[in-house]
Amino acid sequence: MTKLFDGIEEKDKETLFKCFNAVKKSFFKDEIILEPEQKIDSIIYVSNGCIKIIKDDFNGNKIIIDTIKKGETFAESVVCSGIKKCPNFVYAQTDATLYFINIEKILNPCTEACLFHKKLLQNLVKSISEKNLFLNQRIELLTKKSLRERILIYLKKQKNKTNDKIFEIPHSREEMAQYLGVNRSALSRELCIMKAQKLIDFHKNSFSILTN
């Protein structure tokens, strides 16, 4: 997935942060970064650590919408849409350092940033488009009635990121259950059945898919 600063050198990134008056904030693991309906007018850049976006459904169950890692951004679609209200909870999955970059600063280039501001705007448009496609894929996954289908879609997506036969997933079993919108016990039971049927193999967070 395209990152906001793809194609921009580290020294130019620092210049952009100064130009944008980006606000640097640090959060501890499991600390709430944003809550639903909280006002937001900045794109959030993850400088270090990892954050997760979580939605509570009507039954109080938590569903992981996405995990944002180092070098990635969050909230582009929200702030560019003009809504500027966070739709979900955002937590620090690990200790994290974030930069809050006001969207108006990005959309109104200054002369000092002209050499690489254009590239950043191109990345922003591409990133929003890709994340919209990603959300459509999430909707498709969550509409699958079969837990096995959800698991296979999830694992194939993780495999495609590395194209390795044996690959690591970024979630614990509890987080994986939240991502798939299912009960953890049901997930663990189905994983064991699929392993016994030689559809998949796994050890802790290392997985392989044994069927097409």
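Shown above is the structure to which this text applies.
Attention here is on the structure that accompanies the text. In this text the structure is predicted, and so the values were computed from the model without any measurement.

About the criteria used
- Residues numbered from 1 in each chain as written.
- Predicted model: local features only at pLDDT ≥ 70, side-chain atom pairs only at ≥ 80, totals over all residues.
- Heavy atoms only, no water.
- Helix = DSSP H or I, 4+ residues; strand = E, 2+ residues; numbered from the N terminus.
- Rg over C-alpha atoms; globule rule 2.2 N^0.38 Å.
- Buried < 20%, exposed > 50% of the residue type's maximum accessible area, 1.4 Å probe, protein only.
- Contact = heavy atoms within 4.5 Å.
- Areas by Shrake-Rupley, 256 points an atom, 1.4 Å probe, with all protein chains shown as cover.
- Pairing = 2+ DSSP bridges.
- Phe/Tyr/Trp six-rings, centres within 6.5 Å; stacked < 30°, edge-to-face > 60°.
- Lys NZ or Arg CZ within 6 Å of the ring centre and 35° of its normal.
- Polar contact = N/O pair within 3.5 Å; in protein donor to acceptor, adjacent residues only side chain to side chain.

### A word on the overall build of the protein
Right, so step 1: For the protein, the count of helices and strands is 7 helices and 11 strands.
Right, so step 2: Over its C-alpha trace the protein gives a radius of gyration of 19 Å, about what one expects of a compact globule, namely 17 Å for 212 residues.
Right, so step 3: Dimensions along the principal axes, computed over C-alpha positions, put the protein at roughly 60 × 35 × 30 Å.
Right, so step 4: Across the 212 residues in the protein, those meeting the buried criterion constitute 43%.
Right, so step 5: Of all intrachain contacts in the protein linking residues separated by at least 6 positions in sequence, the fraction that spans at least 24 positions is 72%.
Right, so step 6: Within the structure as shown, the protein displays about 11900 Å² of accessible surface, and the carbon and sulfur contribution to it stands at 52%.

### Structural notes on the sheet that holds strand β1 (residues 23-27)
Right, so step 1: Here we have 4 strands laid out as an open sheet, ordered β1-β8-β3-β6, and antiparallel in their pairing. Both edges of this open sheet fall to β1 and β6 (73-74), since each of them pairs with a single strand only.
Right, so step 2: Of the strand pairs in this sheet, β1 and strand β8 (residues 96-102) are connected by 5 bridges, and their pairing is antiparallel. By the bridge assignment, Lys-25 is partnered in β8 with Leu-98.

### Details of the packing of aromatic side chains
Right, so step 1: On inspection of all chains with the given rule, the structure shows 8 aromatic pairs.
Right, so step 2: Between Phe-17 and Tyr-99 the ring centres are 4.2 Å apart and the planes differ by 5 degrees, which places this aromatic pair in the stacked class. Of this pair, Phe-17 sits in helix α1 (residues 10-19) while Tyr-99 is found in strand β8, placing the two residues 82 residues apart along the sequence.
Right, so step 3: With relative accessibility at 6%, the residue Phe-17 sits in the buried group.
Right, so step 4: Residue Tyr-99 is classed as buried on the basis of its relative accessible area of 12%.
Right, so step 5: Members of the aromatic cluster, each reached through a chain of ring pairs, are Phe-5, Phe-17, Tyr-45 and Tyr-99.
Right, so step 6: One Lys or Arg, Lys-25, reaches over the ring of Phe-100 and ends 4.7 Å from the middle of that ring.

### Some points on the environment of Tyr-154
Right, so step 1: Along the chain, Tyr-154 falls in helix α5 (residues 147-162).
Right, so step 2: Separated by 113 residues in the primary sequence, Tyr-154 and Asp-41 place their C-alpha atoms 32 Å from one another.
Right, so step 3: Side-chain polar atoms of Tyr-154 contact the side chain of His-171, separated by 2.9 Å.

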